[in-house]
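An overview of the molecular structure
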There are 2 protein chains.
Amino acid sequence: MLINEKASRKHQIESEATQMFRSKGYAGSSMRDLAANLGIEAASLYSHVKSKEEILQKICFRIAQNFLEVLQKVLADKKRPIESLREAIIMHCLVMTRDVSASAVFWNEWKHLSGKSKEEFIQMKTKYEDVFISLISEGINSGEIRSIDSKFAALTILSSLNCIHTWYKPDGNLAPRQVGEELAGMLLSGIQNKK
Amino acid sequence: MLINEKASRKHQIESEATQMFRSKGYAGSSMRDLAANLGIEAASLYSHVKSKEEILQKICFRIAQNFLEVLQKVLADKKRPIESLREAIIMHCLVMTRDVSASAVFWNEWKHLSGKSKEEFIQMKTKYEDVFISLISEGINSGEIRSIDSKFAALTILSSLNCIHTWYKPDGNLAPRQVGEELAGMLLSGIQNKK
DNA sequence: CCTACCGATCGGTAGG
DNA sequence: CCTACCGATCGGTAGG
């Protein structure tokens, strides 16, 4: 099937680009190198993708969508704030560990987006962060979380999570779910009210 | 004084490059843009610096030196492991907040170093991380810290610290020392043994 | 998916 | 610190 072959080639391009953007950065990666790694000429890439930036967009928005989707599911459960927060942290880890390279690109290279893409991306990012801030604020109001600057706490937690890619090894001795639970335990006991 | 003027110009170049590398990345910043921001021609930069990479080296190694120096002072105090760890976290925050842009470059752009510089940089980085790992291991042995994967814990803590630049505002409502103490409190209560 | 090619821009040098 | 310039490389297009 021609359509499937094209789709698969497009997928290969995005996948190879993800590895390159991660290790050399978006600006440090050239379309020629990308093509060479796939065994084709640079010009041939443009029958599958419109531009270099389009590839970056696909990667960034796919991961952003993943994060927002699982977060909506967590919120739908309507548990107590600190339990929602725990679930949200674990799910965040699962999304990241499922595709470490794409997550690294998502986190480090989105600044190279331009125009409306960049605006839209920042909106999604802000929306995601705001949920964490709100959950912490709710937890403070209900007494589960100690009095703390909720924005400060939320961004610190998200920083820890988003840097997983710098040390996580898929073949390490910690399974993804374990990583999430360990991190949730560690980060939440730091803001929880002592009983 | 001619020498001072030259030194000051060199300092200006490094300072402006730091801002650019932070916002657009090393590979995304050109020597022409850098020169334009300083009001001179690109070729003129080369009477002050040997190459683009030399500028990056200066930034990365200066910050790395800062981190290692304050860490040595903390270790010289020979407190109990968890107290050394607390001091180390606070000092790390002070170094970062003293120069947020350079710290961001240090953390995000060192991968663009090459050859011996890169090797040497990684050695310093590893040495620094190893001290944190050792402190946690000691804390576990002395019973102050709960049983945990010390490498996992150390790298999580350092990730949180190194991402300060993504949210820290020098004119915000948290003073540098406060940031450090809040973070130390939050991160350490997550690994401390319950009394 | 290729060859052939475009204009723009890159890091850096020579010589003053 | 400048003018003038180098070879290399960039993202991307035309046409097949």
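Everything quoted here is computed from the prediction, not taken from an experiment. (Residues numbered from 1 in each chain as written. Chains lettered and ligands numbered in written order. Predicted model: local features only at pLDDT ≥ 70, side-chain atom pairs only at ≥ 80, totals over all residues. Heavy atoms only, no water.)

Side note on the side chain of Ser160 of chain A
- Of note, Ser160 of chain A is situated in helix 7 (residues 150–162).
- Discounting residues that sit within four places of it in the chain, Ser160 of chain A has contacts with Leu187 of chain A together with Thr156 and Ser160 of chain B. (Helix = DSSP H or I, 4+ residues; strand = E, 2+ residues; numbered from the N terminus. Contact = heavy atoms within 4.5 Å.)

As for helix 6 (residues 115–141) of chain A
All names here are of chain A.
- Its 27 residues give helix 6 an end-to-end C-alpha distance of 39 Å, which sits within 8% of 39 Å, the value for a rise of 1.5 Å per residue.
- Within helix 6, the full set of buried residues consists of Ser117, Phe121, Met124, Tyr128, Glu129, Val131, Phe132, Ile133, Leu135, Ile136 and Gly139.
- On the buried face of helix 6, the contacting elements are helix 3 (52–76), helix 4 (81–98), helix 5 (100–109) and helix 7.
- Immediately downstream of helix 6, the backbone of Gly143 shows phi near 85°, a positive value. (Expected span 1.5 Å × (residues − 1). Buried < 20%, exposed > 50% of the residue type's maximum accessible area, 1.4 Å probe, protein only.)

What to know about the domain arrangement of chain A
All names here are of chain A.
- Split into domains, chain A comes out as domain 1 (1–49) and domain 2 (52–189).
- A C-alpha centroid distance of 28 Å is found between domain 1 and domain 2.
- Counting residues at the interface gives 15 residues for domain 1 and 16 residues for domain 2.
- At the boundary of domain 1 with domain 2, total buried surface from both sides reaches about 1400 Å², with 62% on carbon and sulfur atoms.
- Of all residues in domain 1, Glu14, Arg22 and Tyr26 bury the most surface against domain 2, accounting for 48% of the area lost on that side.
- Across the domain 1-domain 2 interface, the total number found is one salt bridge.
- Across the salt bridge formed by Glu14 and Arg62, the nearest N and O atoms sit 3.2 Å from each other.
- At the junction of domain 1 and domain 2, the tally comes to eight residue pairs in polar contact (both at pLDDT 80 or more).
- Counting only elements with at least two residues in the side of domain 1 that touches domain 2, the list comes to helix 1 (2–24) and helix 2 (31–38).
- Sort the elements by how many residues they give to the side of domain 1 that touches domain 2 and helix 1 lands first, with eight residues.
- When the residues that make up the side of domain 1 that touches domain 2 are grouped by side-chain class, the tally is eight nonpolar, four polar and three charged. (Domains from an automatic or database assignment. Buried area = accessible area lost by both parts, 1.4 Å probe. Salt bridge = Lys/Arg side-chain N within 4 Å of Asp/Glu carboxyl O. Polar contact = N/O pair within 3.5 Å; in protein donor to acceptor, adjacent residues only side chain to side chain. Nonpolar A, V, L, I, M, F, W, Y, C, P; charged D, E, K, R; others polar.)

A short note on the relation of the copies chain A and chain B
- Superposing chain A onto chain B takes a rotation of 180° combined with a translation of 0.0 Å along the rotation axis, leaving an RMSD of 0.0 Å. These values place the two chain copies in the arrangement generated by a two-fold rotation axis.
- Most of the interface of chain A is mirrored in chain B, where 100% of its interface residues again form contacts. (Least-squares fit on C-alpha atoms with pLDDT ≥ 70 in both.)

Some words on helix 2 (residues 31–38) of chain B
Residues and elements named next belong to chain B.
- Those residues of helix 2 not exposed but buried are Met31, Leu34, Ala35 and Leu38. The buried residues of helix 2 occupy an angular sector of 95° when the element is viewed end-on, so they sit on one face. Across from the buried face of helix 2, at angles greater than 90 degrees, the exposed residues are Arg32 and Ala36.
- Gly39 occupies a position one or two residues after helix 2 and carries a positive phi of about 75°. (Arc of directions from axis to C-beta.)

Observations concerning the packing of helix 3 (residues 52–76) of chain B against helix 5 (residues 100–109) of chain B
Residues and elements named next belong to chain B.
- Where helix 3 contacts helix 5, the axes come no closer than 9 Å and their chain directions differ by 105°. Overall, the two elements helix 3 and helix 5 adopt an arrangement that is roughly perpendicular. Of the residues in helix 5, those touching helix 3 at Leu56, Ile59, Cys60, Arg62, Ile63, Ala64 and Phe67 are Ala102, Ser103, Val105, Phe106 and Glu109.
- A per-class count over the contact of helix 3 with helix 5 returns nine nonpolar, one polar and two charged. (Axes fitted to C-alpha atoms, helices over the stretch in contact; angles between N-to-C directions. Parallel < 35°, antiparallel > 145°, perpendicular 65-115°, else oblique.)

Some thoughts on the protein's contact with DNA strand C
- Arg9, Glu41 and Ser44 of chain A together with Arg32 and Lys52 of chain B are the nearest of the 15 residues found near DNA strand C.
- The sugar-phosphate portion of DNA strand C accounts for 50% of its atoms within 4 Å of the protein, the bases making up the rest.
- With respect to DNA strand C, the side chain of Arg32 of chain B contributes an N or O atom lying 2.6 Å from a base nitrogen.
- The class makeup of the residues in the surface near DNA strand C is five nonpolar, six polar and four charged. (Near = heavy atom within 4 Å.)

A short note on the protein's contact with DNA strand D
- Among the 15 residues in the neighbourhood of DNA strand D, the closest are listed as Arg32 and Lys52 of chain A together with Arg9, Glu41 and Ser44 of chain B.
- At the protein interface, 51% of the atoms of DNA strand D within 4 Å belong to sugar or phosphate.
- Contacts to DNA strand D include Ser30 of chain A, whose side-chain N or O atom sits 3.2 Å from a phosphate oxygen.
- Within the side chain of Arg32 of chain A, an N or O atom sits 2.6 Å from a base nitrogen of DNA strand D.

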